[in-house]
Amino acid sequence: MIVRVMSEGQYRVDGGLVSQLEAMDQHLLEAVHRGDEDAYHRHLREALNLVRQGASVPAHELVNSDLVLPGADMTLRDARRLLEEHPE
Amino acid sequence: MGLMSRMSTIFKAKVSKSLDSMEDPRETLDYSYQRQLEQLQQVRRGVADVVTSKKRIELQAAKLDEQIHQWEDDAKAAVAQNRDDLAREALSRKQAANDQLEGLHTQLADLEKEEAKLVDLEHKLSAKVDAFRTQKEVIKAKYSAAEATVHIGEAASGLSEEMADIGLAMQRAQDKTESMQARAQAIDELVNSGALNDPTVSSGDALRDELNKMKTGKTVDDELARLKAESGQTAS
């Protein structure tokens, strides 16, 4: 599975990590709804660390991403605004 | 849907689908490559613009710093002439501008990081465009139209993703430089007109503004006492 970290690059991540990432994704969303800044940054950091364990996609390879993660510097406020601007 | 999955959907919507309608992609490969080179040029200009804006803001900050020192000198002169009222005014302008300038320096440090990221992304994009050039030659030489569609589709949208990513990063850096320019401008007005309640530098919270004003007042008293002590006068 290819995962992009915004403003950073793509990683080739073991498909077996999908369920772990999905669980983190849920925690992340809950943290955004609660407005819990600490939890938000902790879960985002966990997800990014997991993805970064994968191999970085080399510069000469052109592939699509299956999942896109915000960069480490995305604030809770930005994340909330994003969700409001693009309702499901 | 979680945050990342939503993010993925939003991001992918920004990725161009321009190659979908192509009948024989082999014919348009060179054109696509030309477009990519143009976009890469635009990205390079964009990065250069961010660098220029940052330098301009740095110069403005340095100039403001000088003006703030000037207020300090003015306050000293006022104290020497026993004009506490003037000294107080000079010191409060100095203090208010100083607080704002500190904020600007923090933002500048932040922009510095953003700039480094943009330069890195630009290098990556450049390598990807080059990879596309190689792939297009292989595809033109080896594949039929139908096969080429499959092979080029992923390469083109992979590159398009890269463009979308750098485009968003660029937008963010530009928004930041704009807000910093506005801030530098507001400080400039603050220093020159003494409009301490300038709404453009308000925190947006009346209580916070009031507390800041109180703190500034206290600092002004302390600073005045310091200047008086330095000039051998006793604080009143």
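Criteria and cut-off values
- Chains are numbered independently. Their residues run from 1 in the order of the written sequence.
- To read the labels, note that chains go from A and ligands from 1, taken in the order they are written.
- Per-residue local features of the predicted model are confined to residues with pLDDT of at least 70, and side-chain atom pairs are confined, for both listing and counting, to 80 or more; whole-chain, interface and lining totals are unaffected and use all residues.
- Here the side-chain values reflect all heavy atoms present in the structure, with hydrogen atoms and water set aside.
- Helix and strand assignments follow DSSP, with helices taken as H or I runs no shorter than four residues and strands as E runs no shorter than two, numbered in order from the N terminus.
- Any residue under 20% of the maximum accessible area for its type is buried, any over 50% is exposed, and the rest in between are partly exposed; the area is computed with a 1.4 Å probe on protein chains only.
- Here a patch means residues that are over 30% exposed by relative accessible area and free of salt bridges, tied together within 9 Å if like-charged and within 5 Å if nonpolar (Val, Leu, Ile, Met, Phe, Trp, Tyr).
- Residue-level accessible areas treat just the shown protein chains as cover; the underlying method is Shrake-Rupley with a 1.4 Å probe.
- When a carboxyl oxygen of Asp or Glu lies within 4 Å of a side-chain nitrogen of Lys or Arg, that pair is called a salt bridge.
- Every angle, taken between N-to-C directions, lies between 0 and 180 degrees, and every axis is a line fitted to C-alpha atoms, over only the stretch in contact when it is a helix.
- Here roughly perpendicular refers to angles of 65 to 115 degrees, roughly parallel to angles under 35, roughly antiparallel to angles over 145, and oblique to all remaining angles.
- Here a crossing is called left-handed whenever its near helix is offset anticlockwise from the far helix by less than a right angle, and right-handed whenever the offset is clockwise.
- Pairs of residues are marked as contacts when any of their non-hydrogen atoms sit within 4.5 Å.
- Any residue outside Ala, Val, Leu, Ile, Met, Phe, Trp, Tyr, Cys, Pro, Asp, Glu, Lys and Arg is labelled polar, Gly included; the first ten of those are nonpolar and the last four are charged.
- Each nonpolar core is a collection of buried residues, namely Ala, Val, Leu, Ile, Met, Phe, Trp, Tyr and Cys, held together in the definition by side-chain atoms within 4.5 Å.
- Working rule for helices: expected span equals 1.5 Å times residues minus one.
- Arc definition: it is the arc formed by the directions from the helix axis to the C-beta atoms.
- What qualifies as a polar contact is a pair of N or O atoms within 3.5 Å, subject to a donor-acceptor requirement within protein and to the restriction that residues adjacent in sequence count only when both atoms come from side chains.

(A) A look at unusual backbone geometry. The backbone of Ser7 of chain A sits at a positive phi, close to 55 degrees, despite the residue not being glycine. Phi angles above zero are rare outside glycine, and Asn82 of chain B is one such case at about 60 degrees. Position of Asn82 of chain B relative to the elements: it lies in the loop between α2 (25-80) and α3 (84-142). Residue Asn82 of chain B is classed as exposed on the basis of its relative accessible area, which comes to 56%.

(B) Molecular detail of a nonpolar patch on the surface. Residue and element names in this part refer to chain B. On the surface, Leu207, Leu211 and Met214 cluster together into a nonpolar patch covering about 300 Å² of accessible area. Here Leu207 shows up in helix α5 (residues 206-230). A relative accessible area of 57% places Leu207 in the exposed class.

(C) Main features of the packing of α3 of chain B against α5 of chain B. All names here are of chain B. In the contact formed by α3 and α5, the axes pass within 9 Å of each other and the chain directions differ by 125 degrees. In terms of their interaxial angle, α3 and α5 are classed as oblique. With respect to the hand of their crossing, α3 and α5 are arranged in right-handed fashion. Contact residues: α3 offers Asp84, Ala87, Arg88, Leu91, Ser92, Lys94, Gln95, Ala96 and Asp99, while α5 offers Thr216, Thr219, Val220, Asp221, Glu223, Leu224, Arg226, Leu227 and Lys228. Classifying every residue of the contact of α3 with α5 by side-chain character gives 6 nonpolar, 4 polar and 8 charged.

(D) Broad picture of the side chain of Lys94 of chain B. Along the chain, the position of Lys94 of chain B falls in helix α3. For Lys94 of chain B, the contacting residues outside a window of four places in its chain are Ile68, Trp71, Glu72, Glu223 and Arg226 of chain B.

(E) Spatial organisation of the environment of Ala186 of chain B. Residues and elements named next belong to chain B. Inspection of the secondary structure assignment puts Ala186 in helix α4 (residues 145-193). Given the relative accessible area of 3%, Ala186 is considered buried. Along the chain, Ala186 and Ser126 lie 60 residues apart, while their C-alpha atoms are 38 Å from each other.

(F) Just the nonpolar core, in detail. Residues and elements named next belong to chain B. Within the largest apolar cluster, 50 residues are counted, with the highest numbers of intra-cluster contacts made by Leu101, Leu104, Leu118, Leu125, Val129, Phe132 and Ile187. Among the elements that take part in this core, α3 stands out by supplying 16 residues, more than any other. In contact with Leu101, other than residues within four places in its own chain, are Ala61, Leu64, Asp65, Ile68 and Ile187.

(G) Broad picture of helix α2 (residues 37-52) of chain A. Between its terminal C-alpha atoms α2 of chain A stretches 22 Å, which fits the 22 Å expected from 16 residues at 1.5 Å a residue. Listed as buried for α2 of chain A are Ala39, Tyr40, His43, Leu44, Ala47, Leu48, Leu50 and Val51 of chain A. In an axial view of α2 of chain A, the angular spread of the buried residues amounts to 160 degrees, which keeps them on one side of the axis. In this structure, the buried residues of α2 of chain A make contact with β1 (2-5), β2 (9-12), α1 (18-34), β4 (67-69) and α3 (76-85) of chain A together with α1 (3-14) of chain B. Measuring from the side-chain oxygen of the N-cap residue of α2 of chain A to the backbone nitrogen of Asp38 of chain A gives 3.3 Å; that N-cap residue is Asp36 of chain A.

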